[in-house]
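# Summary of structural features
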Amino acid sequence: MSRSLRTRRERPDIEINPLRASPDPKDLGLPPLTYEQLLRNLSSLPFEAAMIHISALAAEVFHHSDDAEYQLRLASELYEDTQLLTRLRWFVESEPGMLVFDERYLTVLQRLLVEHAAPSSSEEGLTGQQVAILLTSLLAIPGIVTSRAPEDPLQTDVEDDQLDDWTAFLVQGGAYYEKPDLGDAIARAHALYCVLPQEAALAAHIDACPLEEWSRCDYGVGLSEQLAAGFAAAIVSKAVDPNLGLKGRKLAIEPGWLGTGPLGEHERELTAGFSATRDELRDAFAEAGSNPEHVSWDRAPFEQRPFLRLDDGRLFLISPRVIFSWSTAGLYYRLLDSANARPRPDRPEKTLFTTFTRFVGALSEEYVVCATREALSVNAPEGRANVYGDIEYWVEGQSKRSPDVAVDEGEDLILVEVFSGRLPRLARVLADEQRIADALGKAIIDKLDQLSKATADVLAGDVPYPNLDIDSVKRVWPVLVLPGGGIVQLPVLWRYVERHLGETTFADERVAARTIATLDDYEPLLAIAEERRVPLSSLLADFHASAYRELPPRNWVRVAHPREGPTRPRWVQNHYWAAANDMKRQLGIEPTAE
């Protein structure tokens with residue numbers, strides 16, 4: 001990324017900022033390496049030792065991705081060149097938001113080590129010269145990776161082509177750097193895939209899929225075992241610990257780590273599912289694609305197998321991010337693979353891919369309804385907000401569906417639409433304007449347009465919500481919730497949305513500001529409303545009156561309602577405890593009372 005772009009960071013500071021800035025060789029006064037020179041250097045390094053060394057740094061950077069001072073201290077542990085350290089400090093202090101290390105560059109280096117480092121045994125370490133080659137190679141990575149960073153800064157009167165270019169760049173970066181909270185994600189996965197599919201209405205859904213059966217058939221273990229193993233692996237490998245330091249990160253998981261409890265009986269299957277040898281990783285990257293964009297942006301093979309498995313059976317974590325992903329979003333993608341491997345009973349030439357994604361849509365909608373209803377059940381007016389799921393209604397003989405969730409708070413009405421899809425892998429990797437436009441069109445533009453039409457019907461009195469006095473409603477708050485995440489709300493995205501929505505969208509004067517939220521945004525709002533017994537609409541009003549209104553709502557929550565620890569609604573927290581206690585039972589440990 002050019003230095004001119006680094007100066008134009010969004011203000012106020014945001015939790016996920018795709019305009020990440022770490023130095024390239026020119027910033028540090030270093031001669032750039034060609035791609036061929038870099039690969040030649042890496043081919044002189046013993047693979048296992050180099051991979052373990054750089055993975056320890058990747059873990060530290062993951063936990064301190066925006067802490068420049070911490071990263072400077074890391075650099076002083078790694079580099080002895082005082083002139084280089086002076087230049088790094090100058091770079092970091094030259095402008096707000098500058099960093100030493102970028103997680104993406106570490107991932108690229110890990111991939112290149114998999115593909116090009118020399119063979120080695122597990123006993124072989126790194127010499128001082130080899131450490132210097134490895135760390136010099138890391139500094140060279142920014143000079144060889146691709147970036148879609150636009151050449152020109154974004155102007156107020158931006159042309160359509162430039163807005164498309166900036167939107168693609170920021171969507172790609174936001175998806176890459178989005179950082180999951182393991183506890184939140186485990187709770188969601190437990191509810192979505194282990195609990196809700198067993199409820200009578202969803203088990204009888206027209207698109208219901210036997211998710212537990214697929215998991216046991218394809219992976220040898222059930223969904224709860226997968227979640228428990230991922231949770232346990234993250235804890236045993238210290239992936240959840242932010243303060244280990246580099247030396248503490250070089251931690252091997254030894255065979256037998258799952259103990260003698262029920263989960264230990266499946267250690268072989270589980271280990272095969274989340275670890276890979278070097279050859280297996282190399283084959284996965286080759287199959288995924290080897291063009292510059294894939295090298296620069298595609299980490300999916302690491303997410304599919306987050307541990308490196310050595311010949312002696314020991315496991316080394318590649319990075320905390322990828323074990324978090326395997327344990328959470330990875331569960332969705334493994335089930336998606338299972339669906340794609342099975343033919344539809346009525347049309348054997350097609351697979352159950354679409355059936356599964358529709359079923360996940362139904363599960364996601366029910367998840368949001370349950371979390372919302374439980375959180376707002378004690379709120380105003382008159383001690384309770386009325387929360388409705390989607391219902392069928394008719395307009396001029398045509399059957400329609402209401403918004404997925406409606407929250408009646410008297411003079412305020414919140415209408416929520418849920419989109420459960422994910423940003424496609426090629427859109428995340430290649431980030432060309434057409435793929436990004438197609439993804440945003442499906443996830444945001446089409447959904448907001450759908451929500452706008454349903455809002456008009458609600459305000460016209462066509463949707464028969466019980467007990468809703470539509471004449472009393474003064475404000476309607478449209479909210480689009482994205483359970484799949486991956487799309488970060490930024491001012492550029494809002495300009496893109498405004499340009500692509502029609503002029504008649506949300507035209508009624510009673511419609512207040514629109515909100516786009518992932519579950520990382522929506523759940524903290526519910527938790528605050530539940531804990532403080534305040535209407536959700538008042539929180540939305542405060543958010544939209546703030547300087548954070550075009551940023552992810554979690555950033556406003558962090559400043560306006562600071563607290564230690566997770567901000568989860570009670571219903572979600574209960575699923576977290578259920579998942580954690582299930583893990584303990586499977587490990588042969590006594591569960592903990594909430």
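Cut-off values and rules
Every residue gets a number counted from 1 within its own chain, in the order that chain's sequence is written. Local features in this predicted model are restricted to residues whose pLDDT is 70 or higher, and side-chain atom pairs enter the listing and the counts only when it is 80 or higher, whereas totals over whole chains, interfaces and linings include all residues. Water and hydrogen atoms play no part in the side-chain values, which are based on all heavy atoms of the structure. Each pair of strands is called paired provided DSSP finds at least two bridges between the two strands. Under the scheme used here, helices are H or I runs from DSSP no shorter than 4 residues and strands are E runs no shorter than 2 residues, and both carry numbers assigned from the N terminus. Between the N-to-C directions of two axes lies an angle of 0 to 180 degrees, each axis being a line fitted to C-alpha atoms and, for a helix, fitted only over the stretch in contact. Oblique is the label for every angle not falling under 35 degrees (roughly parallel), over 145 degrees (roughly antiparallel), or within 65 to 115 degrees (roughly perpendicular). By definition, turning the near helix anticlockwise from the far helix through less than a right angle yields a left-handed crossing, and turning it clockwise yields a right-handed one. The contact criterion used throughout is that any non-hydrogen atoms of two residues lie within 4.5 Å. Nonpolar residues are Ala, Val, Leu, Ile, Met, Phe, Trp, Tyr, Cys and Pro. Charged residues are Asp, Glu, Lys and Arg, and all others, Gly as well, are polar. Should a side-chain nitrogen of Lys or Arg be within 4 Å of a carboxyl oxygen of Asp or Glu, the pair is scored as a salt bridge. Burial classes follow relative accessibility: with a 1.4 Å probe on protein chains only, a residue under 20% of its type's maximum area counts as buried, one over 50% as exposed, and anything between as partly exposed.

As a further point, take the sheet that holds strand β3 (residues 307–309). Sheet strands associate in pairs through backbone hydrogen bonding, adopting either a parallel or an antiparallel arrangement. Taken together, the four strands give an open sheet; going across it, the order is β1-β4-β3-β2, and neighbouring strands pair in mixed fashion. The sheet is open, and its two edges are formed by β1 (252–253) and β2 (275–276), each paired on a single side. Both β1 and strand β4 (residues 315–317) contribute to a ladder of two bridges, which runs antiparallel. The residue of β4 that forms the bridge with Ala 252 is Phe 316.

This part takes up the packing of helix α2 (residues 35–42) against helix α7 (residues 128–140). Closest axis-to-axis distance for the α2/α7 pair is 10 Å, and the angle between their directions is 155°. Relative to α7, α2 is oriented roughly antiparallel. For the crossing formed where α2 meets α7, the hand is left-handed. From α2, Leu 38, Asn 41 and Leu 42 reach across to α7, where they touch Ile 133, Ser 137 and Ala 140. Split by residue class, the contact of α2 with α7 holds four nonpolar, two polar and no charged.

Before going further, it helps to spend a moment on the pattern of salt bridges. Tallied over the entire structure, the rule returns 38 salt bridges. One salt bridge connects Arg 282 with Asp 279, and the closest N-O pair in it is separated by 2.7 Å. Taken together, the residues Arg 282 and Asp 279, both in helix α15 (residues 278–288) and three residues apart, mark about one turn of the helix. What makes Arg 282 partly exposed here is its relative accessible area of 27%. Between Asp 582 and Arg 585 there is a salt bridge, with its nearest N and O atoms 3.9 Å apart. Here Arg 585 and Asp 582 lie together in helix α27 (residues 570–586), a separation of three residues that amounts to about one turn.

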